[in-house]
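# Examining the three-dimensional arrangement
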Amino acid sequence: MVAHNYVFVGLLLLVAVGFALAPLALVALVAPRKRSPTKADVFECGVRTHGETWVRFRIQYYIYAIMFVVFDVETVFLYPWAAAYGSLGTFALVEMTVFLALLFAGLAYAWAKGVLRWA
Amino acid sequence: MPPNVVPLDLRDFLCIAPALVLAFWGLVVIAADLGRFRRLDPDARRVACGRATLVGVGLALASAVFLAWVDALAQSDAPRLVALFGDSLGGYFARTDGLIFFGTLARGLAVDVLNVLFLVLLAMVVWMSTSYGFTDDLGEYFALMLWATVGMMLLAAAEELATLFIALETTTICLYLATAFERSRRRSAEAGLKYFVYGSVSSALFLYGLSLVYGLAGSTYFDAIGRVLRGGDAGLAGNLAGASALLLLLVGFGFKVSAVPFQQWVPDVYEGAPAPVAAWIATGSKVASFVAMLKVFVHALGPWSHPSGSVMGPGWLGVVAVVAAVTMTYGNLAALAQKDLKRMLAYSSIAHAGYMLVGVAAASVSTEGPASAGAVVYYLIVYALANVGAFAVAAWLARDKGTEAIADLDGLAGRSPSLAVCIVVLMLSLIGVPPFAGFFGKLYVFMEALRQGPSDTRIVLTWLVALGLFNSVVSAFYYVRVLKAMYLREPSGRPIEPARPALALPIAAAAVLVTVLGVVPGPLVDLSRSVAVPMLTAGRLDVPAAVDVPAPAPPAEKPSGVAWHPETPTD
Amino acid sequence: MANDIPLNWFLYFSAAAFAIGLTGVLLRRNAIAVLMAIEIMLNAANVNLVAFWRYGTPAAGAGPMPGVILALLVVTVAAAEVAVGIGLVLLCYRRWRAVDVDRYDTLSG
Amino acid sequence: MDVGTALIAQSHRVDLSPTTAIVWALWLLVGFAGIFPGIVAYMVWLERKVAARFQDRIGPNRVGPFGLLQPIADAIKLIVKESIVPRPADGLVHLLAPVIVLASAFLTLAVVPFAVGLVPIDPPSGLVYLIAVSSLSPLGIFLAGWSSRNKYSLIGAMRAVAQLVSYEIPQVLATIPVVLWAGSLSLVSIFDHQAKFGWNAFTPPGLLAFAIFLIAGVAEVNRTPFDIPEAESEIIAGYHTEYSGMRFGLFFLAEYLGVFAISCVATVLFLGGGMPLPFSSFPVNLIDGSVGSYILADAILLAVFLAKVLLFIFAMFWVRATLPRMRIDRLMNFAWKYLVPLCVLNILFAAAWFEVVVRPGRIEAGRWAVGMIGVGLLTAAGVQLVFWANRKLAAAAPIDADWPAVGAARGG
Amino acid sequence: MARSLFLAIAALGLLAALGTVLARNLVRAALHLVAFFFCVACLFVMLEAEFLAAVQVLIYIGAVAILLMFGIMLTRNAATAEADLSGGWRVPGVIAGLCVFAALAFGINNAVSPSGSGAWSAIVARPALEPAEGVAWKAERSRAIDDMPRVVGEQFMTRYALAFELAGLLLTAALVGAVALAREEPAPGDSEPATAVEAEAAVGTTP
C-alpha cells in the first residue's frame, strides 16, 4: 500500500536527524568549550558589529520569489499532465499549450518590464 | 489498465468564447502597452490602451451576442442551426442540456445574457478609466480588469464548486490588485490591502463551508448536492454541520455581495480604489456573486431553505431574511451621514444588496419556482447600469479634484445641464422612482416577495417588503443631496471642468438605458424570468422547470449518495 | 496503513486548526502574520476535503476525486494569495514603513 | 533474513510481509547511514586529489597511503573543534538549520533505484516527492543565515535562496519530458521505460533536458560556477559564516551528499540508471526469477550505476577546477531568460517525440530515425531561437545592458 | 498504532498552528507554520493521498514559506521582527475561535445525514478498496490512490479543464499584478551603490 512507503520515509527522516545530531552530541562531549565574549560576537571581518542585523533587501528578491512560486505551482499541474499524457488525446496537448502559453506570458511580461534584471 | 478517458469536447471552448477573448486580450493589451505605446506621452498612452482594450471588449461582445443569437435559435428553431453550421457544430449548438465541460459550466441564454451585461458594463468602466491618469501601469491595469471579468463570467456560469471557487478567486485576486493600482495615493494601497485581508479571510471561511458541503453531499455539482439534500429531510435542524456549512458559505457570499455584517471593507475599499475599479467591484463583482449565490443557495442548498415549512424554522431562509433586513437598514442609515460620493455609493450599494437578498429569499420559497429569481436578475441589471453611471460621476470628481466630495458637485446643473439631467435620472433610478428602471426592479422584487409561499413565510417576507419600502424612502434623502448640490447650490471653490466623452458617455449611456428599461420594462422582465429558470435548474432534467418537486429517490443499488454513511461490513 | 482512524478525528483536527487560524486572524495585527493565519485556515479546509474524499461515498457522476482536485486548486489559490498579499504588504510598507494593519489610517473606516 | 526474497518481492512490486519489510527497511537504513556518509567522505578526498592534479599539486598524501585516511582525520578534527554559536543567535534554529539541509539531501536518496529491487521506496509520485524534499534545503539555508544574526550570513542566505529557487524551476521543468515518456512519476517506471526505449539522454529533447538538468543541478548544490551564496571573496562565507566545528561539518556533508544525490538522480532519469548499454536492457534481461540471477544483475547494475555517478562527480570537480564564479546578475539571467524558456519549449518537443516514437509502444527503426532528425532539428531550432531572442532583446532594449553580447556590440 | 501516530501528528500540528498564531517573532511564526504544513502533509499520507502530500511539501514548505520569509525580510527588521498581538481584540478573538471550534465540533459529532441515518462519528473504517471488481466507484478510487498523479492529470484535462485553465490565468494575473505593484519606482535621487554587497549592506541600520 502507498502509505507503507512513507513509514520508511519517516524512519529515514529519523535516521537523517539522528545522523546530524549524533556527531553534535559527540562534539558536546569531546570538544573544548571555552566561552569568551569576543568569540561569541557576531563575525564582521574583525570589526565590532554595529547596528542591527537587518539590511534592507532589494525588491528583486520578492520578484524572483513570486516568479518561483508561480512556476512551482505550475509544475504541480505539469506533472500530472505529463503522467496522463499517454492516455489522453490531442485535446490534452492543446490545453497544456494554452496553459504553458499563459504562464510563459507571465515570464515574458516580467522580462519585458525589466524586473528580471538584478542590480 | 486505465479505463478509457472520455475526451474533452473542444467545441465546449466555443461556448466560452467571450471569456477566452478577454483572457487573450489581456495579454494583447499588456504587449501593446509595453511595446507600441511605451513611447507615447501619458495621456495618449492611456487613451491608446483604453481603446485597445475596448476593441477586445467589442470582440468579446460580438461573440457573446453571436452566442446569444445561437442559443435563442436553439430554443426556437434548432434545425436551422444544423442547416447553418453543419451537423457537427450545428448539432452541438442545438443541444439543450445546457451544460458544458462535463457539467461544470452552464451554457445557454442565461449565460449569454449575463455575459452581454458584463461586457456592456465593462466597456463603460474601461471607457471611464481613460478619463484620468491614476496609474502608470496601464497595460497591467486593463489586463487585470479584463481577467477579473473572465472570472466573473465563469463565476456566473459555474455549475460546480471547484470551478466556482477558482473563478471567484480569479475575480477577487484581480480586483485586489487593481484596487491598489493608484500609485500616487496611499489610500489606494491601503484599500488594496484591506480588501485583500477581508477578502481572503472570507474566502477561507467560504472554502471551509464548501468543504463541509462537499462532505455532506459527496459531490461538488450543484445539482447533485440539491438532489442529495432533497433526498433527506433533516435540513438544518438536526445538523449542526450543515448549519455551519451554510453559515460559512453565507459569510463568503455575504462578503462578496457586501451584506451586513461583512460589509466593513466596502466603504474603505470603494473610497480608496480608483473610481473605475470601485465601479467594477460595485457592479460586475456584485452581479457575478449574486448570480453564484442564487445558484448555490437556491439550486444546490434550496432544500435547506425552510425544510419544515416554517420560515423562522431551521433553514437558511430565516438567516437570509434577517441579513437582508439588517443590510438594507444599515446601508441606508449609514449612507445618510456620508459627504464623500464614493462612500455614499458604497453604503447605498450595501443597501441595494439588502433589497436583492430579499429577492434571493423570495426565490427560494417561490410558488412559481425558479422563474421568480428573474426579479433578482432584473434588479441586478438595472442596479449595475445605474451604479456604473454614478461611479463615472465619481471618476469625474476624482479627475478634477482628487477627492470625491459631494460638495464638489455644487452648481453642476448650471455648467453641464445635460449631464446633470443624466445624473438626476441615475439617482432617481437608484431611489426607485417611476418611471425609471430602478423602480421596476424594486417593484418586481417586492412583488415576488409578496406573493410567495405558505402563510408563515409570507408574513416574514411581507415584513421585509415593508422594511424595504421604508428604506427606499430613507434612501431618497441621501440621493437627493446629490441633486440638491447640483441644482440648488453655488460652487464654492474652483468648479469642476466639463466632462470629456470618456466620462460623459458612460453617464449618458447609463441614464438612457435606465430610462429605456424603465419606460419599457416588459422585454427585459420577460427575458430575466426566462433565463432564471435554466440558470437555477441546469442539469436537472428530471424536474419540470416551474414546480419544485422532490426528485425521485436515487436508484437503490447506488449507495444513496450519502457521503459518510458507514460502509456495511459485507464487503 | 490500518483503516481504523475514524473520519471524525480528521474533522476535529481540521476544525481545531481552522479555529486557531481564525483566532490568529483576529489577534494579529501584522499583515504577514494574518496571511499565515489565513494559510492555516486554507490548510484546514484541505484536510477536510481530502478526508471526505477518502472516507465518503461519492455521489454518482462526481468523478473519482473531486476532493483532491479541489484541494489542489486550493493550493494554487493559496500560493497566489500569498504572492499577492505580500506584494500588497510591500506596497503599503513602502508607503508607511510599517506592517501593522492598525497603522494604516488614511481611510476613515 | 533472506535478502534475495526481499529483492525479488520489491522488484515485482509485491507487498512484503511485515517482518520482511521491516528487516529490509532496516538493511536499507543501515546502508543509508553507513554507506552514503562514507561515499561522501571519500568524495571530499577525491575532490582534493582532483583539484590538486588540476593545479599541479599532489593533494592529501600524509594520512595513510595516498592520503586515504584523510577523511577520517578530517572528521576527528571537526568533532574535537569547539562549536561556537554567536551570542545573539537563535540557538534552536541555529541548530535546526543544518539538520534540515542534511535531511533534505538524505531523503532525496530514498527514491533512487540503484538497481532492480534495490530501491528503498517507489511511491507513485516519486518525482514530486524528490523535488519536494530537495526543495527543503533553501529553507534550511535561509534559517541558517537568519538565525546567525549576522549581516553577511543573512545576505548570503538570501542570495543562496534566490539562486536555489531560480534554478529549481528549470531543474523541475527539465524532468517533465522524462515523465511524459514514461507516463509515470515513479522512478522505477522511468528506469523501466529506458530499458525499453533507450536512455532518455539519447533523444534530442532528452539531451537538452539532460543538459539543463545538469546545469541546474550544479547550481542547486551551490558549486562553482554557481557558488555565489558562499562567495568568500564577497560575503565572507555566506550563510554558514557563523557555523564552525561539526555544525559547519554538517553543511559540508550536506553539500557533498547533495552532489551525490543529484548525480544519482541524473543517472536514473537520463542515463538509464545502471544499464551499461544505451539501447539494450542488458543486465535486466538476465533475470529469470532465481535469486542468483537477481544478485548477478544487480551487481552489474550497481557497478555501472556507481561508475556513472562517479563520472558526474568527476565532471563537477573538473568544472569547479576550471571555471570561475558567475556574477550574480548573470546567474539569475541565465536561469530565467535561457533555461526556463528552453524548458517550456522542450516540453512541447518532448510531446512531439512521444507522438512519433513512444506512442506505438516499442521502438521502430523508421519512426526513430524520423524522430531523431525531425525532433532533433526542432530542438536545435528551439535552442537557436532562445539564444537569438536573448541576443536580440539584449541588443534592442536598455534592459540587460550588462549582458556580454551587448557589451561587445557597443564596443566594450 | 495508526491511531496513536495520528494523535501524535495532530497534536504536533495543532501546537504548531498555535505557535504560528502566538509567536511574537515573525520568522519563528513562519517556522511554526512550516511545521504545521508538514503535519498536514503527514495527514495526507495517512489519507493515502501521497501526491497531495508531496505537493503540500513542495508548494507550501518549498515555495510559500520561502515567499513568506522573503516578505518578512523585506519589510522589517529581521532580528527583532516582533509583532504585537492585538491588545483590545485578544479576548473577543479567543472567544470567537473557541465558539467556532465548539460549533464545528458539535456539528461533526452530531452530523445527521440528509437521509437521516448515521453520523460521522459512526465511521471508523474507510470504505475498503477493491482493485478491479466491486462497486464502480471503489475501483475508481482504488485506481486514484494507486496512480494518483495520472488520475489527477486525466481529471484536469477533462472534467476540470476549465478550472485548470483558470488556475493558469489566476497565476499569471497574480504574477503580472504583483510585479507591477512591487516594481521599484525609479526615484530620481536614488543613486545605488556600485556593487551588490554595498547596496545591500549600506542601507543597514535606518529603520
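None of the values given here were measured: they were computed from a predicted structure.

Conventions and cut-offs
- Position labels on residues start from 1 in each chain and follow its written sequence.
- Labels are handed out in written order, letters beginning with A for the chains and numbers beginning with 1 for the ligands.
- Totals for whole chains, interfaces and linings use all residues, but because this is a predicted model, local features are given only for residues with pLDDT of at least 70 and pairs of side-chain atoms are given and counted only at 80 or more.
- Water and hydrogen atoms play no part in the side-chain values, which are based on all heavy atoms of the structure.
- Secondary structure counts use DSSP, requiring at least four H or I residues in a row for a helix and at least two E residues in a row for a strand, with both numbered from the N terminus.
- Each residue's exposure class comes from its accessible area (1.4 Å probe, protein chains only) as a fraction of the maximum for that residue type: buried when under 20%, exposed when over 50%, partly exposed otherwise.
- We call two residues in contact whenever any of their non-hydrogen atoms come within 4.5 Å of each other.
- In short, Shrake-Rupley with a 1.4 Å probe defines the accessible areas, and a residue's cover is counted only from the protein chains shown.
- Charge assignment: positive for Lys and Arg, negative for Asp and Glu; neither His nor the chain ends contribute.
- Here the site of a charge means NZ on Lys, CZ on Arg, CG on Asp, or CD on Glu.
- Structural elements are reduced to axes, namely lines fitted to C-alpha atoms, with helices fitted over the stretch in contact, and the angle between N-to-C directions of any two is expressed from 0 to 180 degrees.
- Note on angle classes: values under 35 degrees are labelled roughly parallel, values over 145 roughly antiparallel, values of 65 to 115 roughly perpendicular, and the remainder oblique.
- Under the grouping applied here, Gly and all other residues not named as nonpolar or charged are polar, the nonpolar ones being Ala, Val, Leu, Ile, Met, Phe, Trp, Tyr, Cys and Pro and the charged ones Asp, Glu, Lys and Arg.
- Start and end points for every domain follow an automatic or database-based domain assignment.
- Counted as salt bridges are all cases of a side-chain nitrogen of Lys or Arg within 4 Å of a carboxyl oxygen of Asp or Glu.
- Here a polar contact is recorded for every N or O atom pair within 3.5 Å, except that within protein the pair must consist of a potential hydrogen donor and a potential acceptor, and residues adjacent in sequence are included only if both atoms are side-chain atoms.
- Two helices cross in a left-handed way if the nearer one is turned anticlockwise from the farther one by less than a right angle. They cross in a right-handed way if the turn is clockwise.
- Here the quantity called buried area is the total loss of accessible area, with a 1.4 Å probe, experienced by two parts when brought into contact, counted for both.
- Think of it this way: a Phe, Tyr or Trp ring, Trp meaning its six-membered ring, pairs with another when their centres are within 6.5 Å, and the plane angle makes it stacked under 30 degrees, edge-to-face over 60, tilted otherwise.
- Within this scheme, the nonpolar core is defined by two criteria: the residues are buried Ala, Val, Leu, Ile, Met, Phe, Trp, Tyr or Cys, and they are joined through side-chain atoms within 4.5 Å.
- Helix span, as expected, comes to 1.5 Å for every residue beyond the first.
- pLDDT: the predictor's confidence for each residue, scored from 0 to 100.

## A word on the overall build of chain C
Each helix and strand counted, chain C has three helices and zero strands in total. In sequence order, the secondary structure elements of chain C are arranged as α-α-α. Burial status across chain C gives 83% buried among its 109 residues. Restricting the contact set of chain C to residue pairs at least 6 apart, pairs at least 24 apart contribute 58%. Of the roughly 1,800 Å² of accessible surface on chain C, 52% is carried by carbon and sulfur atoms.

## A few points about the overall build of chain B
The helix and strand inventory of chain B stands at 21 helices and two strands. By principal-axis analysis of the C-alpha atoms, chain B measures approximately 85 × 55 × 45 Å. Taking contacts inside chain B between residues at least 6 apart in sequence as the whole, the part at least 24 apart equals 80%. Total accessible area computed for chain B in this model is approximately 17,500 Å², and 68% of it derives from carbon and sulfur atoms. Here chain B contributes 37 positive and 38 negative side-chain charges, whose respective centroids are spaced 9 Å apart.

## Observations regarding the packing of helix α11 (residues 265–272) of chain B against helix α12 (residues 275–300) of chain B
Residues and elements named next belong to chain B. The N-to-C vectors of α11 and α12 enclose an angle of 140 degrees; their axes lie 7 Å apart at closest approach. Relative to α12, the element α11 is oriented oblique. Taken together, the residues of α12 that come into contact with α11 (itself represented by W265, V269 and Y270) are A278, I281 and A282. Residues of the contact of α11 with α12, tallied by class, amount to six nonpolar, no polar and no charged.

## A word on the domain arrangement of chain B
Residues and elements named next belong to chain B. Entries for chain B in the domain assignment read domain 1 (9–159) and domain 2 (160–541). Put simply, domain 1 and domain 2 have one salt bridge between them. Residues E159 and K295 are paired through a salt bridge, measuring 3.1 Å at the closest nitrogen-oxygen approach. Counting across the domain 1 and domain 2 interface gives eleven residue pairs in polar contact (both at pLDDT 80 or more). For the side of domain 1 that touches domain 2, the secondary-structure elements that each account for two or more residues are β2 (105–106), α5 (109–129) and α6 (138–157). Along the lines of polarity and charge, the residues of the side of domain 1 that touches domain 2 split into 29 nonpolar, eight polar and four charged.

## A word on unusual backbone geometry
For the bond running from B:V260 to B:P261, omega is 5 degrees, close enough to zero to count as cis. The residue B:P261 is located in the loop between α10 (240–256) and α11 in this model. Omega for the peptide link from B:P434 to B:P435 comes to 10 degrees, which places this bond in the cis form. Among the structural elements, B:P435 can be located in the loop between α17 (417–431) and α18 (437–450). The phi torsion at B:F101 lies on the positive side, around 50 degrees, for a residue other than glycine. Residue B:F101 is classed as buried on the basis of its relative accessible area, which comes to 0%. A positive phi angle, near 60 degrees, is found at D:R149, a position not held by glycine. Secondary-structure assignment places D:R149 in the loop between α6 (137–147) and α7 (151–182). On the basis of relative accessible area, D:R149 is assigned to the buried category, the value being 12%.

## Side note on the packing of α6(B) against helix α7 (residues 161–179) of chain B
All names here are of chain B. Viewed as axis vectors pointing N to C, α6 and α7 meet at an angle of 155 degrees, and their least axial separation amounts to 8 Å. Between α6 and α7, the interaxial angle falls into the category roughly antiparallel. Considering only the axes of α6 and α7, their crossing is left-handed. Facing L144, M145, W147, A148, G151, M152, L154 and L155 of α6, the residues of α7 in contact are L164, A167, L168, T170, T171, C174, L175, L177 and A178. The residue makeup of the contact of α6 with α7, split by class, is 14 nonpolar, three polar and no charged.

## Examining the pattern of salt bridges
Inspection of the entire model under this criterion finds 27 salt bridges over all chains. For E:R183, the salt bridge is made with B:D137, and the minimal N-O distance between the two is 2.8 Å. With E:R183 in the loop between α7 (161–182) and α8 (196–202) and B:D137 in the loop between α5 and α6, this pair bridges two chains. Taking the relative accessible area as the measure of exposure, B:D137 reaches 2% and is therefore buried.

## Things to note about the interface of chain C and chain E
Opposite the 76 residues of chain C that make contact, chain E presents 88 residues. Between chain C and chain E the total buried area reaches about 7,800 Å² when both faces are included, carbon and sulfur atoms providing 75% of it. Broken down residue by residue, the surface that chain C buries against chain E is led by C:L27, C:R28 and C:R54, which jointly contribute 10%. Counting across the chain C and chain E interface gives one salt bridge. Across the pair E:E48 and C:R54 runs a salt bridge, and its minimum N-O distance is 2.9 Å. On inspection of chain C and its partner chain E, the count reaches eleven residue pairs in polar contact (both at pLDDT 80 or more).

## Structural notes on the packing of aromatic side chains
Residue and element names in this part refer to chain B. Summed over the entire model, instances satisfying the criterion amount to 62 aromatic pairs over all chains. The interplanar angle of 90 degrees and the centroid separation of 5.1 Å between the aromatic rings of Y176 and Y195 together place this pair among those described as edge-to-face. Pair noted here: Y176 is in helix α7 and Y195 is in helix α8 (residues 186–217), with a separation of 19 residues, a long-range link. Judged by relative accessible area, which is 0%, Y176 ranks as buried. A centroid spacing of 5.2 Å and a plane angle of 80 degrees characterise the contact between F206 and F253, whose relative ring orientation is edge-to-face.

## Observations regarding the side chain of B:S258
Residues and elements named next belong to chain B. Relative to the helices and strands, S258 resides in the loop between α10 and α11. Exposure remark for S258: the relative accessible area of 1% places this residue in the buried category. Contacts of S258, omitting those with residues within four sequence positions, involve Q263, W265, V266, K286, T327, S349, I350 and A353.

## Some remarks on the nonpolar core
A:W81 and B:W147 are the most contacted members of the largest nonpolar core, which has 549 residues in total. Setting aside residues no more than four positions away along its own chain, B:W147 makes contact with B:L22, B:A23, B:G26, B:L27, B:I30, B:T170, B:C174, E:L169, E:T172, E:A173 and E:V176.

## Quick look at α7(B)
For α7(B), with 19 residues, the first-to-last C-alpha span of 26 Å sits near the 27 Å given by 1.5 Å per residue. Where burial is concerned, most of α7(B) is hidden: 19 out of the 19 residues are buried.

## Notes on the confidence of the model for chain C
When pLDDT is averaged across chain C, the result is 85; 85% of the residues are at 70 or more. Here the predicted complex scores 0.92 on pTM and 0.92 on ipTM.

## Side note on the environment of D:S135
Summarising the element assignment, D:S135 is placed in the loop between α5 (126–134) and α6. Measuring from C-alpha to C-alpha, the distance between D:S135 and D:L164 comes to 8.6 Å, with 29 residues separating the pair along the chain. In this structure D:S135 touches D:E168, E:V57, E:L58 and E:G62, once residues within four positions along its chain are discounted. Among the polar contacts made by the side chain of D:S135, one reaches the main-chain carbonyl oxygen of D:A132 at a distance of 2.7 Å.

## A short note on helix α1 (residues 2–22) of chain E
Residues lying three or four places apart along an α-helix face the same way, a consequence of the helix completing one turn every 3.6 residues. Under the 1.5 Å per step criterion, the end-to-end length of α1(E) is 30 Å for 21 residues, consistent within 8% with the ideal 30 Å. What α1(E) keeps buried is the set E:A2, E:F6, E:I9, E:A10, E:G13, E:A16, E:A17, E:G19, E:T20 and E:V21. Lining the buried residues of α1(E) we find α1 (7–27) and α2 (31–55) of chain C together with α2 (26–46) of chain E.

## A look at the confidence of the model for chain B
Do not read the fine detail of predicted coordinates wherever pLDDT is low. Per-residue pLDDT for chain B has a mean of 86; in total, 90% of the residues score no lower than 70. Within the model, pLDDT remains below 50 along residues 542–571 of chain B, and this stretch shows 50 contacts once partners closer than five positions in the same chain are excluded.

## Focus on the side chain of B:Q263
Residues and elements named next belong to chain B. Mapped onto the elements of the fold, Q263 is located in the loop between α10 and α11. Among the polar contacts listed, one links the side chain of Q263 to the side chain of Y330, at a separation of 3.3 Å. Not counting residues within four places of it along the chain, the set of residues in contact with Q263 comprises S258, Y330 and I350.

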